[in-house]
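Each chain, letter by letter, is given below.
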Amino acid sequence: MSEVTVIGLGPMGMTMAETFLAAGHDVTVWNRTASKADELVAKGAKQADTAATGELLVVSQISYQAMYDSFDDARLDGKVVVNLSSDSPQVLREAAEWVAARGGTLITGGIMVPPPGIGRPGAYTFYSGPKAVLDRYAATLEALSDVTYVGHDHGLAMLYYQAQLLIFWSSTTSYMHALALLGTAGVAPAEFLPFARDMFTGLGSDGPMGFAKILAEETAAGVYPGELNSLHMQAEGLGHAVAALEAAGLETTVPQALRRLFRRADAEGRGQEGLGTVIESIRKP
Ligand SMILES: NC(=O)c1ccc[n+]([C@@H]2O[C@H](COP(=O)([O-])OP(=O)(O)OC[C@H]3O[C@@H](n4cnc5c(N)ncnc54)[C@H](OP(=O)(O)O)[C@@H]3O)[C@@H](O)[C@H]2O)c1
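Treat the numbers as computed from the prediction; the structure is a model and nothing was measured.

Conventions we followed
- Residues numbered from 1 in each chain as written.
- Predicted model: local features only at pLDDT ≥ 70, side-chain atom pairs only at ≥ 80, totals over all residues.
- Near = placed C-beta within 6 Å.
- Helix = DSSP H or I, 4+ residues; strand = E, 2+ residues; numbered from the N terminus.
- Nonpolar A, V, L, I, M, F, W, Y, C, P; charged D, E, K, R; others polar.
- Buried ≥ 20, exposed ≤ 12 C-beta atoms within 10 Å, placed from the backbone.
- Pairing = 2+ DSSP bridges.
- Contact = placed C-beta atoms within 7 Å.
- Axes fitted to C-alpha atoms, helices over the stretch in contact; angles between N-to-C directions.
- Expected span 1.5 Å × (residues − 1).
- Bend = angle between axes of the 7 residues up to and from the residue.
- Core = buried A, V, L, I, M, F, W, Y, C linked by C-beta atoms within 7 Å.

(A) Spatial organisation of the site of the ligand. Taken together, 21 residues are adjacent to the ligand, and Gly 10, Met 12, Arg 32, Ser 86 and Pro 114 come closest. Of all elements in the fold, only helix H1 (11-22) and helix H3 (64-71) reach the threshold of two or more residues within the shell around the ligand. Residue composition of the shell around the ligand, grouped by class: eight nonpolar, 10 polar and three charged.

As structure tokens, this is what we get:
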């Protein structure tokens with residue numbers, strides 16, 4: 001089994017260290033607040049005095065600034081830093097240069113599960129950076145999740161990660177609007193759950209509601225057929241939904257923003273195209 005250092009012991013880093021230990025790896029940990037390592041040390045981890053200890057350094061912190069603060073002016077010669085923290089893609093690209101200037105190599109990652117999913121079937125992480133380096137450590141990293149390589153550009157892992165989270169945050173927030181609206185008429189969340197599930201799975205299906213695939217194909221082609229369900233019709237329908245939320249006394253910031261976007265595409269003359277034409281407005285703010 002191999003050696004790995006986990007830097008950052010928030011809920012994610014803590015679970016990563018536990019998962020590496022459970023997989024039989026030789027685990028060293030470092031955290032700004034040193035006391036958070038106590039539990040892991042009791043389970044067999046070693047505690048490092050400085051962050052830049054070991055060859056494979058897996059980082060999970062609030063941001064990339066935390067990595068800069070943690071390594072400070074340490075040299076990273078021959079070390080591979082696998083940073084699974086969130087930040088903007090451009091920050092990740094600059095971080096690759098920062099690590100290289102200290103003699104190390106950066107692999108960036110976006111892990112697609114919360115702590116309970118780490119090391120469980122179905123978990124995966126988007127990785128970017130030099131593939132040959134990632135390949136050397138993939139067997140160790142697979143203890144956390146499947147290793148999904150998305151390209152050499154260090155920003156890519158974060159772009160994929162944020163793409164997934166945009167879908168996650170907006171769809172779950174819309175689901176909350178749905179639950180709140182139904183709740184005003186006394187409908188319990190459990191009563192609506194089967195229909196919500198049907199919508200979520202339908203969007204990913206190949207059926208008539210399979211908009212993940214439909215929008216991918218339409219966006220690639222730049223053609224958004226709207227004969228059967230035009231954007232204009234949907235902008236009107238969304239207006240009715242906003243009115244329903246307002247009448248029910250609910251918060252409407254997000255649905256109003258959606259309505260603004262739909263109406264803009266309609267006003268720009270694309271109302272007879274399909275829903276997919278909204279991406280043209282997103283691309284030109
Ligand atoms: N939680 C999730 O479900 C989830 C899922 C996927 C990805 N992520 C990403 O994973 C990363 C870690 O998330 P998390 O939930 O474990 O906790 P978090 O609150 O994002 O990060 C906590 C960690 O960051 C450290 N930290 C913060 N500022 C620091 C600084 N200036 N210098 C050194 N260390 C610093 C903390 O150290 P102290 O203990 O000393 O404060 C702690 O170890 C984040 O980027 C998050 O976006 C989270």
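(B) Quick peek at unusual backbone geometry. With a phi close to 55°, Asp 72 is a non-glycine residue in the positive phi region. When you line up the elements, Asp 72 lands in the loop between H3 and strand S5 (80-83). Judged by the 9 C-beta atoms lying within 10 Å of it, Asp 72 is exposed.

(C) Spatial organisation of the sheet that holds strand S2 (residues 26-30). Ordered in space as S3-S2-S1-S4-S5-S6-S7-S8, the eight strands form an open sheet in which the pairing is mixed. Taken across any chain shown, the strands that pair with only one partner, and hence form the sheet edges, are strand S3 (46-47) and strand S8 (146-151). Relative to S2, strand S1 (residues 3-7) is paired through five bridges, and the arrangement is parallel. Its bridge partner being in S2, Glu 3 is matched across the sheet by Asp 26. Along the sheet face, helix H4 (residues 89-101) touches S5 and strand S6 (105-111) and points at about 150° away from the line of S6.

(D) Focus on helix H7 (residues 189-204). Helix length check: H7, at 16 residues, gives a terminal C-alpha distance of 22 Å against a target of 22 Å (1.5 Å per residue), a fit within 8%. The sharpest bend along H7 comes to roughly 30°, located at Phe 195. When you tally the buried positions in H7, you get zero out of 16 residues, a small fraction of the element.

(E) Broad picture of the nonpolar core. Counting residues in hydrophobic clusters, the biggest one holds 48 residues, and the most contacted among them are Val 6, Ala 17, Val 29, Val 58 and Val 82. Excluding its chain neighbours within four sequence positions, the residues that come into contact with Val 29 are Val 6, Leu 9, Ala 17, Ala 37, Leu 40, Ala 45, Gln 47 and Ala 48.

(F) Local environment of the environment of Leu 40. Following the sequence through the fold, Leu 40 ends up in helix H2 (residues 38-42). Through-space distance from the C-alpha of Leu 40 to that of Ser 128 is 29 Å; in sequence the pair is 88 residues apart. With near-sequence residues (within four places) excluded, Leu 40 lies in contact with Ala 17, Glu 18, Val 29 and Ala 45.

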